[in-house]
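# Breakdown of the fold
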Amino acid sequence: MANLPDWQTGRSWLSLPVMKIDPELQQAVDAIRVIDTHEHQEEESARLARKGFDFAWLFEQYASHDLVSAGMPDDHLQQLLKEDVPLDRKWTLFEPWYHASRNTAYIKAAEIAIRDLYGIDELNASTAVELTERMQSRNKPGIVKWILQSEAGIDLAQVNALDTTFFRKDTDRSVFMQDIGVVSLLGWPLPLKQLTEETGIEIKEFKHYVEAIDALFDSCAPMADAIKQQSAYFRAQRFEDVPDDDAARVFNEALKNPDRIDEQQQTVIQDWGFHHCVQQSIKHDLPIKIHTGYKAGCNYMDVEHIKPTKLTNVFLKYPDARFDLFHIGYPYQEEVLALAKHFRNVHVDMCWAWIIDWHASIRFFKQYLTAVPANKLFAFGGDYVIAEPAYGHLKLARRGIARALTELVEDDYFTKQQAIQVASMVLRENAIENFRIDKKRLTTPA
Ligand SMILES: [Zn+2]
């Protein structure tokens, strides 16, 4: 054991207190090649075309939300993330809020990446310059696979692309698979132009709308890992079962007089749309990924939108669907446990969770394993656009998983062998099975 790094032995690890982790369990968890079930990763070509590549970039997603929560003014954050603001000015804006919030796992995920990938242990005014230089010199073809596959140990990451309305066809299949994003069908105005562009079907009445959605599924489903919707960001997750005729009447009226459609009528079409997408997903054997719980960002959350139990009517109606509830429904994770324990068609995804609340995630993981069948848990999704903090996030997840499993073995609940087997299921095997990865993957990683 003498040659193991500190984070594997539990001696000390960044600023976390010394914890009791069985080194054999940590090693076993670290060795698992992960199937990452949720990212927003950009393609490498998009990354290499970016400008303004500096230290602040590693804190843009999520970490910046904690800077703001700590008190950073909005205009200071905007300057921090601008291309043309000098580095020393950025450091001055960043430093007080960084020190105020560097206890959180959002920040820690970035710090772990900075330490392991760029060799910098402590961020300060001078190392921020050095870090920026190292990031820029490393930013060459191969960088994304180096971080995700070689360093993080991720074989494949499932991506909900944010740079396209429905589906990113042009993707590096040796590292990514793509979700079909259906959230725009649950918003307003409906993405009719984009549907026509995608399918070639001109939408002049409701039946064309149905044909276009079905054509979208027909063309994307064979390549897709799942569908994804995150409408909890703007609406409650109760989707009424609307008859086709009612949806058709409102839809056709909306085409004629869009200004006369009120919010309640919009909801009729959106509710119908979600049910239709679930039906198409069953037809095409696709899991249904749903954002539940906490909202990214700051100063706007409506907790009424995010409760996972609001979805119960669709779990009841579609026993043949495979629902995948994201983010442990935080802070309603016990609702998620009860739903997953009760419904055969409900799976649980810990994507994003380890950095929202690391300690709650350890508790959740342990609780899950004593309450819900292990084959329905997907234990990691980085949920990042860029690769570096996803690396840091996975380090936190592997550490938390080893910690929870150590406790379960100590409590005589699992044997060590059972613990290792469960880790492999939740980080890899369950995802391969649920997302039909062997069948759909076109190439294997190098
Ligand atoms: Zn996400």
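See the structure shown above.
Report on the accompanying structure. All of these numbers come straight from a predicted model, not from anything done at the bench. (Residues numbered from 1 in each chain as written. Predicted model: local features only at pLDDT ≥ 70, side-chain atom pairs only at ≥ 80, totals over all residues. Heavy atoms only, no water.)

## A closer look at the environment of Lys51
In this fold, Lys51 is placed in the loop between helix H3 (44-49) and helix H4 (63-70). Sequence separation between Lys51 and Glu111 is 60 residues, and the spatial gap between their C-alpha atoms is 22 Å. (Helix = DSSP H or I, 4+ residues; strand = E, 2+ residues; numbered from the N terminus.)

## Observations regarding the nonpolar core
Formed by 140 residues in total, the largest nonpolar core has its most connected members in Phe59, Ile180, Tyr209, Phe365 and Leu405. Looking at which element gives the most residues to this core, the answer is helix H18 (residues 387-410), with 11 residues. Formed by nine residues, the second largest nonpolar core is a distinct cluster that contains Ile35, Phe378, Ala431 and Ile437. (Core = buried A, V, L, I, M, F, W, Y, C linked by side-chain atoms within 4.5 Å. Buried < 20%, exposed > 50% of the residue type's maximum accessible area, 1.4 Å probe, protein only.)

## Side note on the packing of aromatic side chains
In this description, a pair of aromatic rings is defined by centroid distance and the angle of the planes. In total, this model carries 25 aromatic pairs according to the counting rule given. Ring centres of Tyr294 and Tyr330 lie 6.1 Å apart, and the angle between their planes is 70°; this geometry places the pair in the edge-to-face category. Here the residue Tyr294 occupies a position in the loop between strand S5 (288-290) and helix H14 (312-317), and Tyr330 occupies one in the loop between strand S6 (323-325) and helix H15 (333-342), the gap between them amounting to 36 residues. (Phe/Tyr/Trp six-rings, centres within 6.5 Å; stacked < 30°, edge-to-face > 60°.)

## With respect to the pairing of strand S4 (residues 224-229)
A large share of S4 lies buried, amounting to six of its six residues. Relative to S4, strand S3 (residues 176-181) runs parallel, the two sharing four bridges. Looking across to S4, one finds that Gly181 is bridged to Lys228. The pairing of S4 with S5 spans three bridges and is parallel. (Pairing = 2+ DSSP bridges.)

## Examining unusual backbone geometry
In this chain, Trp188 is followed by Pro189 through a cis amide linkage whose omega measures -5°. Tracing the backbone through its elements, the reader meets Pro189 in the loop between S3 and helix H10 (192-199). Along the chain, Tyr330 connects to Pro331 via a cis peptide bond; the corresponding omega equals 5°. Take Pro331: it is sitting in the loop between S6 and H15. The phi torsion at Tyr62 lies on the positive side, around 70°, for a residue other than glycine. Along the chain, the position of Tyr62 falls in the loop between H3 and H4. Take Tyr62: its relative accessible area is 5%, and that puts it in the buried class.

## A few points about the pattern of salt bridges
Taken as a whole and assessed by the stated rule, the structure comprises 33 salt bridges. Across the pair Arg102 and Glu111 runs a salt bridge whose closest N-O atoms are separated by 2.9 Å. On the accessibility criterion, Arg102 (24% relative accessible area) is partly exposed. Each of Asp285, Arg322, Glu433 and Arg436 takes part in salt bridges that share partners, so that together they form one network. (Salt bridge = Lys/Arg side-chain N within 4 Å of Asp/Glu carboxyl O.)

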